[in-house]
Amino acid sequence: MSLTSHSAVVRRLIVSPGPAPQEQAPVVASAAAVSAVLRAFGRSPEDLPARTVVLIGSASVGPGLRAEHEGFTVLTTATPGLALRRAHHELHLGTADLALVAGFGEPDAHTITVYAVKRAAEAVADGDAVLGVLDMTEAAHAPEATPTLRPLPQNPRGTDPDRHRLILWSGRNAEDEARVRGELLPMLSGIHREAYPALPTAVPCGSLPGPVRGAAVAVSALAARTVHQARAVGVSRPRPVVLLFPGQGSQHAGMAAGLYRREPVFTAAVDAALSHMGEEGSRVRADWLDPKRAAIGIDDVRRAQPLLFAIDYALGKMILSWGVRPTAFLGHSAGELVAATFAGVVSLSDAVAMVQARVREAVKIPAGGMLAVAAGEERLRPYLTDGVGIAAVNANQQVMLAGSRAPLAEVADRLRADGLTVVTVPATSPFHSPAMAPASDAIEADYREIPLREPKLPLYSGYTGTLMSAEAARSPRFWADQITDTVYFRNALDELLAADDVLLIEAGPRQTLTAFARRHRSVRLGAGAVSPLLPARAGTLEADRQSVLNAAARIWTEGHDLDLNAIARLWTWSDEDAPAATGSTTPHTPAKTLVA
């Protein structure tokens, strides 16, 4: 079953919008009833996605019900079955991100059954407890009937003992940790390799984790030695987690491919993001999974930016599925759109539309590129020309330049002649330079059609070098200017690390932002810390999984508790036999609750 073509019911609730049933007439679709539907799941309407639609399934509509209520679109149909089918249509048309379907008179004349319906892949990526997916195949035979709710496919299993897995343990103090480790070692030495993946993720089982913790990532043959050599860490107050999202220049062929169809949330999130790109999303996926036959190279903006967005977004969703709750977000360049999605500024579908607008206009600009230079901003200013600008200030002695091809090549020659270290960044467009001004003006008009909101969580901006304000977040001009303006990542990181000692997790390929953060004084002194999620360079598919497990181990030894079932999916879940383009995914265990 391809989740990208299905809608999922993630919550169902029976509500009564009025007084006790014995005192009221049969419920009808009215403004008061729609207000009850909007609040059915205990959330304020302000907390619902901007593109939420209410669909009424009732033959009786009261007077005064309008096509918009409390800022949300209201659509009416004759039956609940038709309303559910219309919800599926609106979700996959892209006009809604959440559909609240109200079956009036269900299960009796005085109540309303409210269904929260989302695109199935997004529901899995969001960790929703999915009740089932709507089966729309019967529509031609019984268009007014309520669609059948089918369960998600059974969990694919992939318990290969030669895969890396995570082993976690803890104790109340150093002596207790040594005791637990001593009991664990004989178990690992004597276990049959086929049983290795089925071992508990954390020991002792059923106990709350202690403050002295250890972690090991190993295959079965090396498990005992790795656990024996691991260093225990005592934790008091775990540092809050902040997610970093890299942008153009971090991409490489096959990045994070080792997680696709080997981790359900990551897989569903990639599919969800690519599904919003239409047919182009399928082409992006095909080039990603088979780079040797790719129609367009990974450094081309038509591949780099859409795929980086999908990968960064999926990695962030995977971390959230572990039970980690980041306290802030910081993105670099295009990564700021991913950060904005997690901070609640923009929905996934609208963020993808913003990426596509950037790409569409960028390809109209004459070819250019970027350079990374080991020098400070002021040192480089004399080298700038009309066609070359400072693209990013990433660290004290790490600045990027960008511009059209010929002027940029001339600047590179001058820099090298003067003894400066210059590295060409993989990019084909002159992002963050004056050359992109026509594209910036063009995409502003597109962004004016997108609902933008104030961040719900702290969002640090590389363009302002500080916390993003509500005014900036809601400004189409601010987002359009990002493709011409300088990225002051260093300034944003300075402010972020000045606010608190945090654990930075880079949710993206190559470890570019990790390298910048390691140069920061706070990290060098040990007040803050940084951990990458993926390898520094392209490698094997197993290396992707091993790197992610190492990051999970780092979060555990920092003192954060993890959803052990979610972590275990990295070595117990597999969908590798399914066709790559379907994105068919099922979580190993349902997530906790719906946020809808």
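Residues numbered from 1 in each chain as written. Predicted model: local features only at pLDDT ≥ 70, side-chain atom pairs only at ≥ 80, totals over all residues. Heavy atoms only, no water.

What follows deals with the overall build of the protein chain. Along its length, the protein chain carries 20 helices and 22 strands. Taking 2.2 N^0.38 as the reference for a compact globule, 596 residues should give roughly 25 Å; the C-alpha atoms of the protein chain span a radius of gyration of 26 Å, in line with that estimate. Dimensions of the protein chain, computed from C-alpha atoms along their principal axes, come out at roughly 85 × 65 × 45 Å. Considering the protein chain as a whole, with its 596 residues, one finds that 58% of them fall into the buried category. Residue pairs at least 24 apart in sequence account for 75% of intrachain contacts in the protein chain once pairs closer than 6 positions are excluded. Surface summary for the protein chain: the accessible area is close to 23,300 Å², and the carbon and sulfur share equals 52%. If the 57 positive side-chain charges of the protein chain are averaged to one point and the 61 negative ones to another, these points end up 4 Å apart. (Helix = DSSP H or I, 4+ residues; strand = E, 2+ residues; numbered from the N terminus. Rg over C-alpha atoms; globule rule 2.2 N^0.38 Å. Buried < 20%, exposed > 50% of the residue type's maximum accessible area, 1.4 Å probe, protein only. Contact = heavy atoms within 4.5 Å. Areas by Shrake-Rupley, 256 points an atom, 1.4 Å probe, with all protein chains shown as cover. Lys, Arg positive; Asp, Glu negative; His and termini not counted. Charge placed at Lys NZ, Arg CZ, Asp CG, Glu CD.)

Attention shifts here to the packing of helix H10 (residues 348–362) against helix H13 (residues 437–447). Contact geometry of H10 with H13 gives a least axis separation of 9 Å together with a crossing angle of 150°. The orientation of H10 relative to H13 falls into the category roughly antiparallel. Relative to H13, the crossing made by H10 is right-handed. Contacts from Met354, Ala357, Arg358, Arg360, Glu361 and Ala362 in H10 reach Ala439, Ala442, Ile443, Asp446 and Tyr447 in H13. In terms of residue class, the contact of H10 with H13 is made up of seven nonpolar, no polar and four charged. (Axes fitted to C-alpha atoms, helices over the stretch in contact; angles between N-to-C directions. Parallel < 35°, antiparallel > 145°, perpendicular 65-115°, else oblique. Left-handed = near helix turned anticlockwise from the far one by under 90°. Nonpolar A, V, L, I, M, F, W, Y, C, P; charged D, E, K, R; others polar.)

Let us look at unusual backbone geometry. Residues apart from glycine generally show negative phi values, whereas peptide bonds are mostly found in trans. Of note, the bond from Glu106 into Pro107 is cis; its omega dihedral lies within 30 degrees of zero at -5°. In this model, Val203 is joined to Pro204 through a cis peptide bond whose omega is 0°. Position of Pro204 among the secondary structure elements: in the loop between strand S10 (202–203) and strand S11 (212–218). A positive phi angle, near 65°, is found at Ala256, a position not held by glycine. Positionally, Ala256 belongs in the loop between strand S13 (241–245) and helix H6 (264–275). Judged by its relative accessible area of 1%, Ala256 is buried. For Ser333, which is not a glycine, the phi torsion comes out positive at approximately 60°. You can see Ser333 is positioned in the loop between strand S14 (328–331) and helix H9 (335–342).

Along the chain, Ser531 turns up in strand S22 (residues 529–532). A relative accessible area of 7% means that Ser531 is categorised as buried. When near neighbours in sequence (up to four residues on either side) are disregarded, Ser531 contacts Leu504, Ile505, Glu506, Thr514, Ala551 and Arg554.

Compared with an ideal rise of 1.5 Å per residue, which puts 18 residues at 26 Å, helix H19 (residues 541–558) spans 27 Å between its outermost C-alpha atoms and is within 8% of the ideal. Most of H19 is tucked away, with 13 of its 18 residues classed as buried. (Expected span 1.5 Å × (residues − 1).)

What follows is about the nonpolar core. With 148 residues, the main nonpolar core has Phe266, Phe309, Trp322, Trp479, Leu504 and Leu533 as its most contacted residues. The residues touching Trp479, leaving out its near neighbours within four places in the chain, are Glu336, Leu337, Ala340, Val345, Met354, Tyr447, Leu452, Met468, Ala472 and Ala473. (Core = buried A, V, L, I, M, F, W, Y, C linked by side-chain atoms within 4.5 Å.)

Examined against the element boundaries, Leu3 turns out to sit in the segment before strand S1 (7–15). We classify Leu3 as buried; its relative accessible area is 0%. Sequence separation between Leu3 and Pro143 is 140 residues, and the spatial gap between their C-alpha atoms is 22 Å.

Moving on, we come to the pairing of strand S21 (residues 503–506). Neither face of S21 is open: one carries Leu503 and Ile505, the other Leu504 and Glu506, and all of them are buried. Here four bridges tie S13 to S21, and the two strands are oriented parallel to one another. Looking at the pairing, Leu243 lines up with Ile505 of S21. For S21 and S22, the ladder comprises four bridges, and the chain directions are parallel. Within S22, the position partnered with Ile505 by the bridge is Ser531. (Pairing = 2+ DSSP bridges.)

With that settled, consider the sheet that holds S10. A sheet is described by the order of its strands in space; here four strands give the open sequence S10-S9-S11-S12, paired in mixed fashion. Among the strands making up the open sheet, the edge pair consists of S10 and strand S12 (233–234). Taken together, the seven bridges between strand S9 (residues 165–171) and S11 define a ladder with antiparallel strand orientation. Counterpart to Gly171 in the pairing with S11 is Val212. The sheet contacts of helix H4 (residues 174–190) involve S9, S10 and S11, and relative to S9 the element is tilted by about 145°.

The next point concerns the sheet that holds strand S16 (residues 388–395). In spatial order, the strands read S16-S17-S15-S18; together these four strands make up an open sheet with antiparallel pairing. The sheet is open, and its two edges are formed by S16 and strand S18 (422–425), each paired on a single side. Looking at each pair of strands side by side, their axes are set apart by 25° on average, direction ignored. As paired elements, S16 and strand S17 (residues 398–404) share six bridges and run antiparallel to each other. Paired with Ala392 across the two strands is Met400, which belongs to S17.

Here we take up the pattern of salt bridges. Two side chains carrying opposite charge are able to pair once their charged atoms lie near each other. Within this structure, the stated rule accounts for 38 salt bridges. The salt bridge involving Arg119 is made with Glu122; its shortest N-O contact spans 2.6 Å. Classification of Glu122 as buried rests on a relative accessible area of 7%. One salt-bridge network, in which partners are shared between bridges, spans Asp441, Glu444, Arg448, Arg477 and Asp481. (Salt bridge = Lys/Arg side-chain N within 4 Å of Asp/Glu carboxyl O.)

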